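# Coordinate inspection notes
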Protein chains: 2
Amino acid sequence: MAGKAAPLYRKVAGDLRAAITAGEYGSGARLPAEDELARTYGVSRGTIRQALGALRTDGLVTSRRGARRVVLGGGGARLQSFEELRSFARWARSQGEEPGGRTVAVDPGEATEEEAYHLRLPVGERIFRVLRVRTLSGVPVMVERTTYPERVGELVAAMDPGLASHADELEAHGVLFSDALHTIDVVPADAADAELLGCRAGDGLLRERRRSTDPAGLPVEWSQDRYLPGTVAFTVRNSSGSRAMGRSLNGS
Amino acid sequence: MAGKAAPLYRKVAGDLRAAITAGEYGSGARLPAEDELARTYGVSRGTIRQALGALRTDGLVTSRRGARRVVLGGGGARLQSFEELRSFARWARSQGEEPGGRTVAVDPGEATEEEAYHLRLPVGERIFRVLRVRTLSGVPVMVERTTYPERVGELVAAMDPGLASHADELEAHGVLFSDALHTIDVVPADAADAELLGCRAGDGLLRERRRSTDPAGLPVEWSQDRYLPGTVAFTVRNSSGSRAMGRSLNGS
DNA sequence: GGGGCGAGGTTGTACAGCCAACTGTTGTAC
DNA sequence: GTACAACAGTTGGCTGTACAACCTCGCCCC
C-alpha cells in the first residue's frame, strides 16, 4: 500500500510547488539559492537543480544565470498533469464536474492511409474506430472519434458503452500512455456533429487531434475531438529554449 | 560575428536532432547508448544526458529506464522554437510565406482590472493598446489586440505602422521575451473582427490569448489573437511527467 | 542625485563516479 | 516447446567538485 517510493527530486519539487501555490512565495518573489535549498533539504545541489528544472518546465519559476529564481504568478490557469489531460473523465472530475458519455459506435475496420500513417501501421491493417459523445453534468460538449490499433481496440470494444472512463480501464489492462502530439484548430460542424452536439451544421467547433504513444514509442491511439464553442479552452506553457509548441499552416 | 559560443550539450543536441530529422534513425529506431554517445562525442555522460533531455522535452525521443531510447517519428508536425512561435512575422517567413500587416490603432490608456491582473500592474496604470491586422501573402488571417505596459508600449507606439515585425524591433531595444502562457479556444467574430478579416460576424474564430514575460518574470505583453478558421493550427507536444499543458472550463 | 566600478552571490556547464531499477536476451531445466 | 532463471546492457537517480558567466547591490566619486 505504500506505493512506489518517489525519487528525492520529486519530493523536493512537490514541496516547493506546494509552497508556491500556497502563497509562501508571492508572485515575483525570489526563491532561496540552490545551495541554501540543498542545505535545508539535506540533498546535493544536483538534486535541487533537477527539482527546480521540473518547476521551470511547469512554468512556475523563471531562471537565468546570475540571478535568483523568480516565482511566476500562476495567472489562474491551472496546468494539468499528463494523466489529467489525457482522460476527459479524470479531467472533469478534477474540475468538480460530473463526466459522462456514451459510446455511439465501435467499428472494426482496415486502416486508411491517414490512419496507417498516424498509427505507424501498414495500410489495411485491422484497426477499431470508436465514436463517443462526452458530457459534463449531462450536457453534451464533445464528440470524440478515435482510431485504435487492434490490440487496444479489442479492449475498448469489450467495454460497457456507458463507461465514463476508458482511460482507467485501459490502464488496468496494462496499456500505458506516455507521449502525445496535439494539433488544435477550428473546424465547421458536419451533420453528424450537429446531431450529436445539438448545434447547427457549419458552426465552428474547437478541434483537437492527437496521437498518443506508449513508453516504448508505439502509437496507441489517433483521436479527433470536437468541442462546442465556449465549453473548454486549452492552456499551454512555453518558454525560450524549449520547442514544445508550434503553429502550422492549415494546408487541408 | 562569431556569435555566442554554444554550450557543448546544445551542440550535441543539435547534432542528434539533425541526424534524426535527416532520417538517419527511422521512426521507432533505437538510439545508441549514452555511454557510446559519450565516447563518440568525447564528452561525459552527464552532458549527453542533458542533450538527450532536451530532445525528450522536444518530443523527439522517448526514454525509459532499462531500455534504449526510441525515436518518435515526428509525425510531420514541425514544432517551432519559442522565438518563431512568438513572432508572427518570423514564423511566417520560416514557413515560406510572406508576412504583412498594418497597425490599425495605437491608444494609450489606463489599465482595466483584467489588464492590470495579467500585466501585474495596479489598476489605472498607464498602458498601451495596439490593434493590428496580420496578413499572409496579402490576405488577412488574424486580428491581434495587445496590451503593453508603458515602457514597452512607448517603443511600439514609435514604430512604423506598416512594420512587419514588432518582435525584431523590440528585441533591438532590449525587450526580451522568455516565457508565455497561452490559452486557446473558439470565439465568435464580433463586428470589428468581421470588418477587418472579411468574414461574417458570429463566425467562429480560433482565439489565442497569451501573457508573455521577460527573463526576470515581468510581464511584457497581454495579447489576444483571432485567426480565421482554416488558416493556422497550433501544435503541442506533451509527455507524462511534464505539466506544460492543460484544458480548462470556459467560465466566461 | 546620478553614474561607474568592483566584490560577492548565484546559476549554468561540465566532469567523474557509484548504485539501483529495469529491459531484453540467452540459455537452462523440465 | 515452454516456462523460468540468470545475466549483461541501459537508463534513472544522487553525490561531489570545479570553474565560467552573469547579476545585484553597495560603495565611491563626481
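Look above for the structure.
Remember, it's a predicted structure, so these values are computed and weren't measured experimentally. Every chain's residues receive numbers from 1 upward, in the order its sequence appears when written. To read the labels, note that chains go from A and ligands from 1, taken in the order they are written. Totals for whole chains, interfaces and linings use all residues, but because this is a predicted model, local features are given only for residues with pLDDT of at least 70 and pairs of side-chain atoms are given and counted only at 80 or more. Side-chain figures throughout are based on the complete set of non-hydrogen atoms in the structure, without hydrogens or water.

## Section: unusual backbone geometry
Notably, A:Arg120 is not glycine yet its phi reads approximately 55 degrees, a positive angle. For A:Arg120, the position within the fold is in the loop between α6 (113-119) and β2 (126-136). Secondary structure elements are taken from DSSP: a helix is a run of H or I of four residues or more, a strand is a run of E of two residues or more, and numbering for both begins at the N terminus.

## Some points on the relation of the copies chain B and chain A
Copy-to-copy alignment: least squares on C-alpha atoms, limited to residues at pLDDT 70 or above in both. Note on the copies: chain B fits chain A at an RMSD of 0.1 Å, the axial shift is 0.0 Å, and the rotation between them is 180 degrees. A rotation of that kind, with that shift, is consistent with a two-fold axis. Relative to the rotation axis, the C-alpha of B:Gly204 is the closest in chain B, positioned 2.4 Å from it. Here a residue-residue contact requires only that any non-hydrogen atoms of the pair lie within 4.5 Å. In this assembly, 100% of the residues forming the interface of chain B have copies in chain A that are likewise at the interface, indicating an isologous arrangement.

## Considerations on the sheet that holds strand β7 (residues 232-239) of chain B
Here we have 8 strands laid out as an open sheet, ordered β1(A)-β2(A)-β3(A)-β6(A)-β5(A)-β4(A)-β7(B)-β8(A), and antiparallel in their pairing. Lying at the two open borders of the sheet, with one neighbouring strand each, are β1 (99-110) and β8 (245-249) of chain A. Neighbour-to-neighbour, the strand axes of the sheet open up by a mean angle of 20 degrees, direction not taken into account. Two strands pair if DSSP finds at least two bridges between them. Bridge count for β1(A) against β2(A) is 11 bridges, and the pairing is antiparallel. Of the residues in β2(A), the one forming a bridge with A:Pro99 is A:Leu136. Across the face of the sheet, helix α7 (residues 150-157) of chain A comes into contact with β1, β2, β3 (139-149) and β6 (219-227) of chain A while running at roughly 140 degrees to β3(A). Inter-axis angles, ranging from 0 to 180 degrees, are taken between N-to-C directions of lines fitted to C-alpha atoms, where helices are fitted over the stretch in contact.

## Details of the pairing of strand β4 (residues 179-188) of chain B
All names here are of chain B. Relative accessible area decides the class of each residue, using a 1.4 Å probe on protein chains only: under 20% of the type maximum gives buried, over 50% gives exposed, and in between gives partly exposed. When you tally the buried positions in β4, you get 9 out of 10 residues, the bulk of the element. Where β4 and strand β5 (residues 204-213) come together, 10 bridges link them in antiparallel fashion. In the strand pairing of β5, alanine 180 is matched with serine 212.

## Looking at the interface of chain B and chain A
Between chain B and chain A, the contact holds 68 residues from the first and 68 residues from the second. Here's the idea: put two parts together, see how much 1.4 Å probe accessible area each one loses, and the total over both is what we call buried area. Both faces combined, the contact of chain B with chain A buries some 6700 Å², and carbon together with sulfur accounts for 53% of it. Any Lys or Arg side-chain nitrogen found within 4 Å of a carboxyl oxygen on Asp or Glu counts as a salt bridge. Here chain B and chain A share 0 salt bridges between them. Side-chain atoms alone can form a polar contact between residues adjacent in sequence; in general such a contact is a pair of N or O atoms within 3.5 Å, and within protein one must be able to donate a hydrogen while the other accepts it. If you look at where chain B meets chain A, you find 28 residue pairs in polar contact (both at pLDDT 80 or more). Mapped onto the side of chain B that touches chain A, the elements with two or more residues apiece are α4 (82-86), α5 (88-94), β4, β5, β7 and β8 (245-249) of chain B. Under the grouping applied here, Gly and all other residues not named as nonpolar or charged are polar, the nonpolar ones being Ala, Val, Leu, Ile, Met, Phe, Trp, Tyr, Cys and Pro and the charged ones Asp, Glu, Lys and Arg. The residue inventory of the side of chain B that touches chain A, partitioned by class, reads 27 nonpolar, 28 polar and 13 charged. Bridge count for strand β7 (residues 232-239) of chain A against β4(B) is 6 bridges, and the pairing is antiparallel. From the neighbouring strand, A:Phe234 faces β4(B), where its bridge partner is B:Ile184.

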